[in-house]
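The lines below spell out each chain.
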Amino acid sequence: MKNLNRRDFFKSAALGVSLTVLGTSKAKGSDKMLSDDRLGILVDTDVCVGCRHCEWACRVAHNLPTPDLDNYSDNSVFKEYRRPDAGSLTVVNKFENEKNPLLPIHVKVQCMHCERPACVSACIVGALTKGDDGSVVWDDDKCIGCRYCMVACPFQIPTYDYDRSIDPHIRKCDLCTDRRKNDELPACVNICPNEALLFGKRDAVLAVAKTRVKRKSDVYVNHIYGEHEVGGTSWMYIARKSFDKLNMPHLAANPAPGISESIQHGIFAYFVPPVTLYALLGTIMWITKRRSGDDDELISDEEEKGKGGKL
Amino acid sequence: MNKIYFIIIPLVLVCCLLGSNPKLQTKNPKMEENMVLLQDKIKKKKMPENPYENMMQGLKCQSCHAGDYPNKNDPMLRACLRNSMLATFHFSPEGPDEVVIDAMSENYNGVAFSHKIHAQMSDMSTGCSGCHHYNTSGRLLSCLECHDSKRSREDITVPDLKAAYHRQCLTCHKQWFHENGCSTMCHTRKTSNSTGSVQSPPSVKGKTHPPLKEPMKMVWETNSETGKIVTFFHNEHNKIFNISCETCHKQDNCLKCHENKKHDDYSGTVKIKKSFENHHKACIDCHKGSSCQKCHRDSEREPFNHVQSSGWVLKSYHSQLSCAKCHGSQTPYKKLDRNCTSCHKNFITGNFEHGKAGLVLSENHKGMECISCHTGSDFSKTPECKTCHDDKSYPAQSPGKRGRK
């Protein structure tokens, strides 16, 4: 009886493992093919003058409260490093340029719209989706407010409306989906006086970035941030200073969701592993119960004997 | 639409800002096609009252491509003419005093660009081609010809018009901010009262750049192990060697001098960190192959002296000449050989009045070839009689009379 149990255990375990492996390989293979027409934006930090018009335009486009545009000339905001929050989906930060202190480097921060977005993979209800156009957008109706996406994001971008306790929103750049439906450019791209934000198809934008870095090799560091980081991102950056020093996280080329997704998908693939697990647990329970059933019988026998003795 | 063109074209003609034709630059398989389009454009646009008629040269494929069949891998590009063109045909005072840019004035009034003072300043750094970039030989191109007025466009390799204008200004005026620059110097928001005529702010209107105080001698103490002292004679390079400002200061941002935000205080230049190569580039570009000791010495250098530097004594006639007379107008000046006939092409036998050299030749010697006496064409050395004469009459009879004639 015991031997049989053990065999059963190994059998079911082997089945479970093999299915997990199968599931993992399936999870990797199921990576969506990205459209050739997907969009990209290049941030040329050498062209950006830090006027912060993009911040204003973004707030207006997303119906967020904002001071008048003329108030954006206040340079004091650059004193400390800022991150996007629920009230500002993009912010510009200033960094020192050691070579020429009069020409500081300005870096805009917003959702990078990853090619293989970790937030999408982390979202358990599918509220975040990667569109064919390359944008990663959030669905108000599906979101349950678990904030897994905030943890998963390698750039720590999605922010949470802590103020709105009843109907909180996950907020991040949506590449101005609504504006683009009306054939308009994203608000930040549209307003930028210097076209420091170059908008187009990702391939074309990347080609421009490569040309600029090559042509002005004395100005730019030979690195296009976002070309390969976490499997590539829609927003890309070129700069005259190493990106580590511009507060951009140092990330490898493998997609962020790779490991977590394969585990997650492996565990839940076609629901076989959980079913197997429950079956296994059920079997153990059943065996244990049966064993205790035997014991019960023994006890009842003894009781009967005892009773008989008494009698 | 035609009206707009009517306004823009003359404006641009008198040169407003940039005007780029990257289509010539990019190695594009469609290049031939683009070229044809450009030629058509030039032909179609008849310009009214063209003040630079002589600059009108049609652009041909051969202007840029040496071969008959240029392709993507081998575009067979000639040395680009764009830099020489403006220097050849045009100098800054010729340009207009003010240019009104109103190609993109939806919410703002047009911008009055004070061309004169900017052109003057560009003489000190980038030259006309700093703004009028990629302008090949021919007329000045309108910005609009290459820079699309719409941001949403097919070819994103070239900045759109709005960016092109702003980049021109903000490369130097990087400290301008809204009411602190942008709206006081360039943009005024359109109101119902706007009359439409735009003028430069009074602080700039009609102004010229104050004369520059040129440094004479600059002495630096460097970290170099051998020869700590570097002496640089700024005035010599400019005046004697005739090197234009832009040769060295091409990369300099205006901010290098105009550090302070205030318009009336330009004190102090900014130290810009450069790599070893960049630091020496300005000198090495001309002084190729010179040893370090040319600049790096243990003591301060003496001013330029023709005898010390070249060994050629500038006497009588030569001392009165400008450098360019012998060395040509091309800078940096090239070293000349000591052969008189290299410059004096007419100094040939029978044509040269030897009396000018201090010796009137006797009849016997008059008809002889120059090199018969001046062996090895070394005219700086006085010929010796004994190379020809071994009879005893020498030196009783000289080859002529001493004295000038």
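Starting from 1, residues in each chain are numbered consecutively following that chain's sequence as written. As they are written, the chains are lettered A onward and the ligands numbered 1 onward, keeping that order. Per-residue local features are limited, in this predicted model, to residues with pLDDT of at least 70; the limit for side-chain atom pairs, both in listing and counting, is 80 or more; totals at the level of whole chains, interfaces and linings are taken over all residues. Only hydrogens and water are removed before side-chain values are computed, so all heavy atoms of the structure are retained for them.

## Observations regarding helix H7 (residues 202-215) of chain A
Alright, step 1. Its 14 residues place the ends of H7(A) 20 Å apart at the C-alpha level, agreeing with the 20 Å of an ideal helix rising 1.5 Å per residue.
Alright, step 2. Buried residues are those whose accessible area, probed at 1.4 Å on protein chains only, stays under 20% of the maximum for their type, while exposed residues exceed 50% and partly exposed ones sit between those limits. What counts as a helix is a DSSP run of H or I of at least four residues, what counts as a strand is a run of E of at least two, and both are numbered from the N terminus. Here H7(A) has its buried residues at A:Arg202, A:Val205, A:Leu206, A:Val208, A:Ala209, A:Arg212 and A:Val213. Buried residues of H7(A), seen end-on, are gathered within an arc of 160 degrees and therefore sit on one face of the element.
Alright, step 3. Whether two residues are in contact is decided by their heavy atoms, any of which lying within 4.5 Å being enough. Residues of H7(A) that are buried make contact with strand S1 (39-44), strand S8 (197-201) and strand S9 (235-238) of chain A together with helix H8 (161-170) of chain B. Here the expected length of a helix is defined as 1.5 Å per residue gap, with one fewer gap than residues. For this quantity, the arc is that covered by the directions from the helix axis to the C-beta atoms.

## Topic: the sheet that holds S8(A)
Residue and element names in this part refer to chain A.
Alright, step 1. Strands sit in the order S8-S1-S9 across an open sheet of three strands; the sheet is mixed. In the strand order of this sheet, the two ends are held by S8 and S9, each with one partner. Averaged over all pairs of adjacent strands, the angle between their axes in this sheet comes to 25 degrees, without regard to strand direction.
Alright, step 2. With four bridges connecting them, S1 and S9 associate as parallel partners. Across the sheet, residue Leu42 finds its bridge partner in S9, namely Met236.
Alright, step 3. Helix-sheet contacts for H7 involve S1, S8 and S9, and the interaxial angle to S8 is about 135 degrees. By definition, two strands form a pair when at least two bridges between them are found by DSSP. For every element, the axis is a line fit to its C-alpha atoms; helices are fit only across the contacting stretch, and the angle between N-to-C directions ranges from 0 to 180 degrees.

## Describing the sheet that holds strand S4 (residues 229-233) of chain B
Residue and element names in this part refer to chain B.
Alright, step 1. The three strands are arranged S3-S4-S5 in an open sheet whose pairing can be described as antiparallel. Unpaired on one side and paired on the other, strand S3 (217-221) and strand S5 (296-297) mark the two borders of the sheet.
Alright, step 2. Sheet analysis places S4 next to S5, joined by two bridges and oriented antiparallel. Paired with Ile229 across the strands is Arg297, a residue of S5.

## Remarks on the pairing of S8(A)
Residue and element names in this part refer to chain A.
Alright, step 1. The buried count for S8 comes to four of five residues, which makes it a mostly enclosed element.
Alright, step 2. As defined by bridge partners, S1 adjoins S8 across five bridges and the pair is classed as antiparallel. Across the sheet, Ile41 pairs through a bridge with Phe199, a residue of S8.

## Here's the deal with the packing of aromatic side chains
Residues and elements named next belong to chain A.
Alright, step 1. The aromatic pairing rule takes the rings of Phe, Tyr and Trp, using the six-membered ring of Trp, and pairs them if the centres are within 6.5 Å, calling planes under 30 degrees apart stacked, those over 60 edge-to-face and the rest tilted. The full count for this structure, using the stated rule, is four aromatic pairs over all chains.
Alright, step 2. On the numbers, 6.1 Å between centres and 55 degrees between planes, the contact of Tyr81 with Phe95 is tilted. Separated by 14 residues along the polypeptide, Tyr81 in the loop between helix H2 (53-61) and strand S2 (91-95) and Phe95 in strand S2 bring together distant segments of the chain.
Alright, step 3. For Phe95, a relative accessible area of 12% corresponds to the buried category.
Alright, step 4. Residues Tyr225 and Phe243 carry aromatic rings whose centres are separated by 5.2 Å and whose planes lie at 40 degrees to one another, so their mutual orientation is tilted. With Tyr225 in the loop between H7 and S9 and Phe243 in the loop between S9 and helix H8 (257-268), this residue pair connects regions lying 18 residues apart in the sequence. Of the two residues, Tyr225 and Phe243, neither departs from the other in class, the shared state being buried.

## Overview of the nonpolar core
All names here are of chain A.
Alright, step 1. Of all hydrophobic cores here, the largest spans 36 residues; its most connected members are Phe155, Leu197, Trp235, Tyr237 and Leu246.
Alright, step 2. Listing elements by their share of this core, those giving two or more residues are S1, S2, strand S3 (105-109), helix H6 (187-191), S8 and S9.
Alright, step 3. In this text, buried Ala, Val, Leu, Ile, Met, Phe, Trp, Tyr and Cys residues form a nonpolar core when linked through side-chain atoms within 4.5 Å. By size, the runner-up hydrophobic cluster in this structure holds 13 residues, among which are Leu42, Val205, Val213 and Met236.

## Details of the interface of chain A and chain B
Alright, step 1. Facing the 34 residues of chain A at the interface are 27 residues of chain B.
Alright, step 2. Buried area is calculated as the accessible area (1.4 Å probe) missing from two parts once they are joined, with the contributions of both summed. For the pair chain A and chain B, the summed buried surface comes to about 2,500 Å²; carbon and sulfur atoms form 54% of the total.
Alright, step 3. For this analysis, a salt bridge means a side-chain nitrogen from Lys or Arg found within 4 Å of a carboxyl oxygen belonging to Asp or Glu. Our enumeration of links across chain A and chain B arrives at two salt bridges.
Alright, step 4. Linking B:Arg151 and A:Glu195 is a salt bridge whose minimum nitrogen-to-oxygen distance equals 3.8 Å.
Alright, step 5. Any pair of N or O atoms that falls within 3.5 Å is considered a polar contact. Within protein, one atom must be able to donate a hydrogen and the other to accept it, and sequence-neighbouring residues count only if both atoms are side-chain atoms. Scanning the region where chain A abuts chain B turns up nine residue pairs in polar contact (both at pLDDT 80 or more).
Alright, step 6. Here the element with the most residues in the side of chain A that touches chain B is H7(A); it accounts for five residues.

## A look at the confidence of the model for chain A
Residues and elements named next belong to chain A.
Alright, step 1. Looking at chain A as a whole, the pLDDT averages 82, with 79% of positions reaching at least 70.
Alright, step 2. The quantity called pLDDT is the predictor's confidence in a given residue, expressed from 0 to 100. Here helix H1 (residues 2-29) stands out as the least confident element of chain A, with mean pLDDT 49; S9 is the most confident, with 96.
Alright, step 3. The low-confidence segment residues 17-30 (pLDDT under 50) makes ten contacts with residues lying over four places distant or belonging to another chain.

## Some remarks on the environment of B:Thr188
Alright, step 1. Checked against the element boundaries, B:Thr188 lands in the loop between helix H9 (182-186) and S3.
Alright, step 2. Linking B:Thr188 and B:Tyr108, residues 80 residues apart in sequence, is a C-alpha distance of 5.8 Å.

## Describing a nonpolar patch on the surface
Residue and element names in this part refer to chain A.
Alright, step 1. The residues that make up patches have over 30% relative accessible area and no salt bridge, and they are joined within 9 Å when like-charged or within 5 Å when they are Val, Leu, Ile, Met, Phe, Trp or Tyr. Only the protein chains shown count as cover for residues, and the accessible areas themselves come from Shrake-Rupley with a 1.4 Å probe. Together, Ile124, Val125, Ile144 and Tyr148 give the surface a local cluster of nonpolar side chains, amounting to about 380 Å² of exposed area.
Alright, step 2. Structurally, Val125 is set in the loop between helix H3 (118-122) and strand S4 (128-130).
Alright, step 3. For Val125, a relative accessible area of 34% gives the class partly exposed.

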